[in-house]
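Next come the chains, spelled out residue by residue.
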Amino acid sequence: MNDSAIPQPGDLPRQRYNAGLANEIEAKWQNRWEIERTFWAPNPTGDLSEGFDALSDNKKFFALDMFPYPSGAGLHVGHPLGYIGTDVFARFKRMTGFNVLHAMGYDAFGLPAEQYAVQTGQHPRVTTEANIANMKRQMRALGLGHDPRRGVATTDVDYYRWTQWIFLQIFDAFYDEQADRARPISELIPLLKADPSIGWDALSERERRELVDSHRLAYLDEAQVNWCPALGTVLANEEVTAEGRSDRGNHPVHRRPLKQWKLRITAYAERLLADLDGLDWTDSIKLMQRNWIGRSVGAEVKFGVAGHADASIDVFTTRSDTLFGATYMVLAPEHPLVDVIVASEWPNATLAEGLTDIRPAWRGIFGSDVSPPAAIHSYREFVAQKSELERVAEGKVKTGVFTGAFAVNPVNGNQIPIFIADYVLMGYGTGAIMAVPAHDQRDFEFANEFDLPIYCVIQPPETWLSEHAISQEAPAADWPEAFTGDGVGVRSSNDGVSLDGLAVSAAIQAMNDWLEATELGRPRVTYKLRDWLFSRQRYWGEPFPIIYDELDLPIAVPNSMLPVELPEVVNFEPEIVADDVDSVPAPPLARAEDWATVDLDLGDGVKTYRRELNTMPQWAGSCWYYLRYLDPTNTDAFVSREADEYWMGGEEGEAGGIDLYVGGVEHAVLHLLYARFWHKVLFDLGHVATKEPFKRLFNQGYIQAAAFTDARGTYVEAADVVERDGGHFLGTEPVQREFGKMGKSLKNVVTPDDIYGNYGADTLRLYEMSTGPLDASRPWSTRDIVGVHRFLQRLWRNVVDEDTGEARIDPEPADEETRRLLHQTIAGVSQDMTTLGFNTAVAKLITLNNRLTQVVGEQGIAPEEIVVPLILMVAPLAPHIAEELWERAGNDGSLSREPFPIADPAWLVMESVEVPIQINGKVRHRLLVPTSADETETEAVVRADPVVGSLLEGKTVRKVVVVPARLVNFVVG
RNA sequence: GCCCGGGUGGCGGAGUUGGCAGACGCGACGGACUCAAAAUCCGUUGCCCGAAAGGGCGUGAGGGUUCGAAUCCCUCCCCGGGCACCA
């Protein structure tokens with residue numbers, strides 16, 4: 001953009017505050033902070049406790065930024081918005097007497113470094129470390145007051161040793177439903193032995209191990225994944241195109257079950273939901289987590305299967321009141337009972353009420369000459385070929401196949417056909433539904449597609465019928481859509497229960513009571529939340545501390561043998577296997593043949609074990625990093641009890657947790673849910689003292705940037721575009737403006753380095769804080785930066801002689817008006833700091849400084865009474881210039897622990913206040929009224945004013961509204 | 001489709017237990033300094049009418065409640081985000 005506002009060197013005073021001087025000052029103070037250990041936050045005990053005694057009477061404050069990934073491109077100016085916000089707040093808290101912990105580490109495992117390694121052969125560790133070094137440099141240059149001792153990276157072997165340790169804690173735990181908490185697996189075995197229905201003594205070694213493994217919070221499971229044989233790896237949903245092919249290389253992707261590690265987060269669904277209530281998070285984030293967990297209250301109902309006396313199918317429903325309207329049943333295609341109940345031939349008997357024959361459509365899309373098992377097989381393949389995206393893209397067109405079997409509705413004994421269809425998901429509820437097409441839109445669509453009967457059992461109200469132009473008598477099959485609202489039950493009774501005439505909620509209650517009494521069903525709560533798929537076929541991740549013995553069952557690597565270090569490999573790519581749907585992935589770690597098997601003595605002699613070759617997903621390391629910040633050098637534990645209790649502990653009676661956690665809303669669900677889950681496991685097992693990690697969560701906004709396209713629609717370098725004549729131009733060519741994320745592809749990246757060079761870090765910090773509230777997204781505008789730069793320049797000039805560099809400060813008191821403004825500013829800024837309202841804090845500081853500029857203009861010197869508190873108030877926002885002014889004003893050492901100014905209430909009250917005088921709600925005049933005047937006095941003062949008198953002349957005052965010290969409104973007729 | 005946020009000058013944004021709309025900054029315009037420019041400093045700046053005094057209009061649109069609405073209620077439009085066959 002236009003560079004004309006950038007200060008240029010020339011015949012300027014030697015000590016003018018410009019980019020050059022700012023950079024000098026900034027480098028000086030960044031070095032001093034480092035040497036003087038200004039931001040070291042002492043622990044109460046242990047390695048990092050130096051200096052604690054001096055702060056032992058202070059309260060603690062733990063400020064945290066979300067863990068950044070050290071990308072090769074480094075930071076652009078959009079990244080540090082939140083980091084600056086936490087730094088300003090942390091510095092403010094430090095000045096109000098807190099022992100503040102603020103640190104920054106790196107979530108450094110991940111795909112980009114691995115892909116770069118695949119392309120170049122450069123080891124991901126080399127790339128990662130270079131990127132971390134660059135980001136550290138950029139953050140240091142921003143003047144962020146981090147404790148450098150605590151900046152861990154997930155790729156540090158000393159760090160992932162403890163990630164592995166925590167995984168083993170999860171592996172070695174089970175969820176005790178009665179106690180509603182996780183317990184060590186060692187406590188499970190006596191319970192299993194004591195359960196006569198298990199018959200422990202009769203079980204083989206393998207059976208015992210498998211039984212125990214099935215209770216673990218980390219377990220192996222056959223999970224449906226996006227398997228791409230050509231790439232040799234499973235892919236995330238985001239990596240699969242709408243056509244069901246790989247994003248990279250356009251290879252076929254298949255949905256198939258693969259044996260994968262899963263973490264039993266679903267055991268915590270209820271607590272993850274309930275404990276949200278006590279957290280200081282925004283409602284929208286809580287809502288997103290609630291929706292994700294997706295609690296649903298209903299009933300499980302047992303349906304018999306005709307001709308299979310020993311088989312029954314449990315369905316989950318939230319609408320047990322519609323049981324009498326069930327006309328068919330659907331199982332998920334993968335449901336294990338499908339193979340048990342499937343008929344060998346298509347039945348032709350008239351079994352179900354209202355059905356006279358098997359409809360041709362029921363045999364599915366595979367023709368009438370295939371048998372049910374063949375149709376089922378074909379349908380399963382058809383479903384497996386489809387990606388998630390395709391299933392969604394196909395919208396509401398329902399597909400499915402009849403199994404040839406019939407279920408028996410327990411409420412009336414009716415036989416209803418059983419289908420499989422992909423609109424029923426194996427992972428939710430029981431993987432089976434009863435279908436009530438009259439009162440469920442999906443079932444309605446399926447029933448119409450498959451020519452199935454539709455019976456109304458909830459009478460819709462008149463309004464609904466008339467809205468849809470349906471007559472009272474019309475059969476439900478003629479409805480344009482299902483009726484899902486509230487109505488009264490009809491045609492819904494048997495010998496034991498009648499729902500007729502009952503409203504939906506009462507009918508559900510009555511039906512559930514009956515189901516429970518007859519043992520045909522029971523109340524049940526289900527969740528949308530699924531267990532967490534925890535394996536990745538990657539190199540650059542934490543190896544699992546798991547080995548397999550001759551039974552091919554998993555065994556934990558003993559703690560004494562941790563860490564399990566990543567082996568060196570030459571090729572970081574997953575092995576490309578034939579394009580075979582049934583092939584097995586060979587993760588990169590399989591190539592480290594010396595590593596993949598290991599001879600160990602686990603107490604029963606040296607044996608050969610096979611290692612787990614998958615690695616953990618990137619989320620693993622970020623699940624607990626905040627705990628390692630507390631005690632990063634501890635070699636005996638992932639965190640000491642003392643450090644955990646000190647930094648995470650709450651005030652008396654408070655829940656505790658991190659005092660302020662700032663990050664983007666994109667982590668609203670995954671990271672925040674995973675980390676809460678790990679924290680709760682650690683809490684249950686007694687390793688941490690708090691049940692929730694993040695007490696207060698704040699979501700910062702994003703910085704967007706203008707991007708420009710030329711006539712061909714190609715992005716052009718935004719930095720070269722000039723604004724003139726109300727348009728944007730690249731040279732002489734007009735270009736189109738749009739706004740988007742800052743990035744290479746839009747050619748609109750602005751880096752902090754660019755801004756330091758032209759204005760300095762303090763200006764960048766102040767600019768980012770001033771452009772809006774921290775939680776709002778806003779467009780970047782390099783042009784606007786000059787505003788806050790001028791502010792710092794004026795502040796500097798008010799205090800320092802631009803020629804000599806000497807401070808000029810007047811010990812004489814300031815005038816009353818300025819003093820009053822000072823105290824108002826202190827009160828306002830303190831308030832704004834507390835609420836993270838940094839933009840308005842900056843505005844108030846500019847206002848005070850503008851007043852100071854006037855005073856200096858008149859008197860040639862700034863009163864100390866104003867200057868000193870102003871410097872201290874500026875310090876959290878623009879710390880380098882504040883430190884420098886503080887020093888030049890004659891102080892030794894850093895101001896980082898100087899007390900933040902406190903307003904004198906005496907100067908906050910005004911003797912009189914200007915109030916607007918309204919006639920019929922319109923402002924017609926303004927008058928000074930004593931602040932202390934009550935309604936009567938105010939009215940008297942106002943009525944006595946000659947201007948008001950003339951305004952009211954000839955008018956009838958019907959009513960007078962007086963709000964003391966606010967306004968007076970005359971209602972005239 | 002469902003669920004959340006949000007729409008205020010040319011721009012970023014202030015202001016909500018209902019009480020002076022537009023703080024602060026950018027830009028724009030005018031002035032000082034300068035041979036000139038930059039930088040800096042001073043002033044003006046919501047829109048319309050008016051020489052001015054003053055008046056009218058104005059917080060996405062329309063309606064309502066109220067002495068008084070950016071703020072509360074109803075209907076609608078637009079933008080951003082989340083979820084998406086969850087039985």
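What this report covers is the structure whose coordinates are included nearby. (Residues numbered from 1 in each chain as written. Chains lettered and ligands numbered in written order. Predicted model: local features only at pLDDT ≥ 70, side-chain atom pairs only at ≥ 80, totals over all residues. Heavy atoms only, no water.)

### Examining the pairing of strand β1 (residues 59–65)
Part 1 of the argument: With 6 of its 7 residues buried, β1 lies for the most part within the structure.
Part 2 of the argument: Pairing geometry for β1 and strand β2 (residues 98–102), over 5 bridges, is parallel. Across the sheet, residue F62 finds its bridge partner in β2, namely L101.
Part 3 of the argument: Running through helix α3 (residues 80–95), the crossover from β1 to the neighbouring parallel element β2 is right-handed.
Part 4 of the argument: Pairing geometry for β1 and strand β22 (residues 660–663), over 3 bridges, is parallel. Of the residues in β22, the one forming a bridge with L64 is Y661. (Buried < 20%, exposed > 50% of the residue type's maximum accessible area, 1.4 Å probe, protein only. Helix = DSSP H or I, 4+ residues; strand = E, 2+ residues; numbered from the N terminus. Pairing = 2+ DSSP bridges. Right-handed = clockwise from strand over helix to strand, strands pointing away.)

### Some remarks on the side chain of T86
Part 1 of the argument: Looking at the element boundaries, T86 is found in helix α3.
Part 2 of the argument: One polar contact links the side chain of T86 to the main-chain carbonyl oxygen of Y83, over a distance of 3.0 Å.
Part 3 of the argument: Each residue touching T86, except ones within four places of it in the same chain, is listed here: L64, D65, H102, L660 and V662. (Polar contact = N/O pair within 3.5 Å; in protein donor to acceptor, adjacent residues only side chain to side chain. Contact = heavy atoms within 4.5 Å.)

### Description of empty space enclosed by the protein
Part 1 of the argument: Following the criterion strictly, the structure yields 3 cavities of 30 Å³ or more and no others.
Part 2 of the argument: By volume, the second largest cavity amounts to about 40 Å³.
Part 3 of the argument: R91, R94, M95, A875, P876, P879, E883, L895 and S896 are the residues that line the second largest cavity.
Part 4 of the argument: For the lining of the second largest cavity, the elements supplying multiple residues, two or more each, are α3 and α27 (879–888).
Part 5 of the argument: Of all the elements, α3 adds the most residues to the lining of the second largest cavity, at 3 residues.
Part 6 of the argument: Across the lining of the second largest cavity, the residue classes break down as 5 nonpolar, 1 polar and 3 charged. (1 Å grid on protein atoms, 1.4 Å probe; cavity = no way out; pocket = protein on both sides within 12 Å on 5 of 7 lines; lining within 4 Å. Points joined across faces, edges and corners; volume = space filled by probe spheres on them. Nonpolar A, V, L, I, M, F, W, Y, C, P; charged D, E, K, R; others polar.)

### Overview of the packing of helix α6 (residues 157–171) against helix α20 (residues 670–684)
Two quantities define a packed helix pair, namely the angle between the helix axes and the distance between the axes.
Part 1 of the argument: Interaxial distance between α6 and α20 falls to 10 Å at its minimum, and their mutual angle equals 70°. Classified by the angle their axes make, α6 and α20 are roughly perpendicular. Remark: the crossing between α6 and α20 carries left-handed chirality. In contact with T163, I166 and I170 of α6, α20 contributes W678, V681 and L682.
Part 2 of the argument: Its residues assigned to classes, the contact of α6 with α20 comprises 5 nonpolar, 1 polar and no charged. (Axes fitted to C-alpha atoms, helices over the stretch in contact; angles between N-to-C directions. Parallel < 35°, antiparallel > 145°, perpendicular 65-115°, else oblique. Left-handed = near helix turned anticlockwise from the far one by under 90°.)

### Digging into the nonpolar core
Soluble globular proteins tend to bury their nonpolar side chains together.
Part 1 of the argument: In this structure, F167, F534, F638 and W678 are the most contacted members of the largest nonpolar core, which totals 94 residues.
Part 2 of the argument: With 9 residues, the top contributor of residues to this core is α6.
Part 3 of the argument: The residues contacting F167, other than those within four sequence positions of it, are A218, W261, L263, F534, F544, P545, I546 and M616.
Part 4 of the argument: Ranked by size, the runner-up nonpolar core spans 88 residues in total, among them L81, A761, I785 and L872. (Core = buried A, V, L, I, M, F, W, Y, C linked by side-chain atoms within 4.5 Å.)

### So, the sheet that holds β1
Part 1 of the argument: Across the sheet, 4 strands lie side by side as β2-β1-β22-β23; this open sheet has parallel pairing. Since the sheet does not close on itself, it has two edges, and those belong to β2 and β23 (697–699), each with one partner. Direction aside, the axes of adjacent strands within the sheet are offset by 20° on average.
Part 2 of the argument: Relative to β23, β22 runs parallel, the two being bridged by 3 bridges. Looking across to β23, one finds that Y661 is bridged to L697.
Part 3 of the argument: The strands touched by α3 are β1, β2 and β22; relative to β2, the strand with the most contacts, the crossing angle is about 160°.

### Focus: the protein's contact with RNA strand B
Part 1 of the argument: Near RNA strand B, the surroundings consist of 55 residues, among which T318, Y428, R442, D784 and R926 are the closest.
Part 2 of the argument: Atoms of RNA strand B within 4 Å of the protein: sugar and phosphate make up 65%, bases the balance.
Part 3 of the argument: Measuring from a phosphate oxygen of RNA strand B, one finds a side-chain N or O atom of S296 at 2.8 Å.
Part 4 of the argument: One nitrogen or oxygen atom from the side chain of R530 is found 3.0 Å from a base nitrogen belonging to RNA strand B.
Part 5 of the argument: Looking at the surface near RNA strand B residue by residue, the classes come out as 20 nonpolar, 16 polar and 19 charged. (Near = heavy atom within 4 Å.)

None of the figures reported here should be taken as evidence of function without further support.
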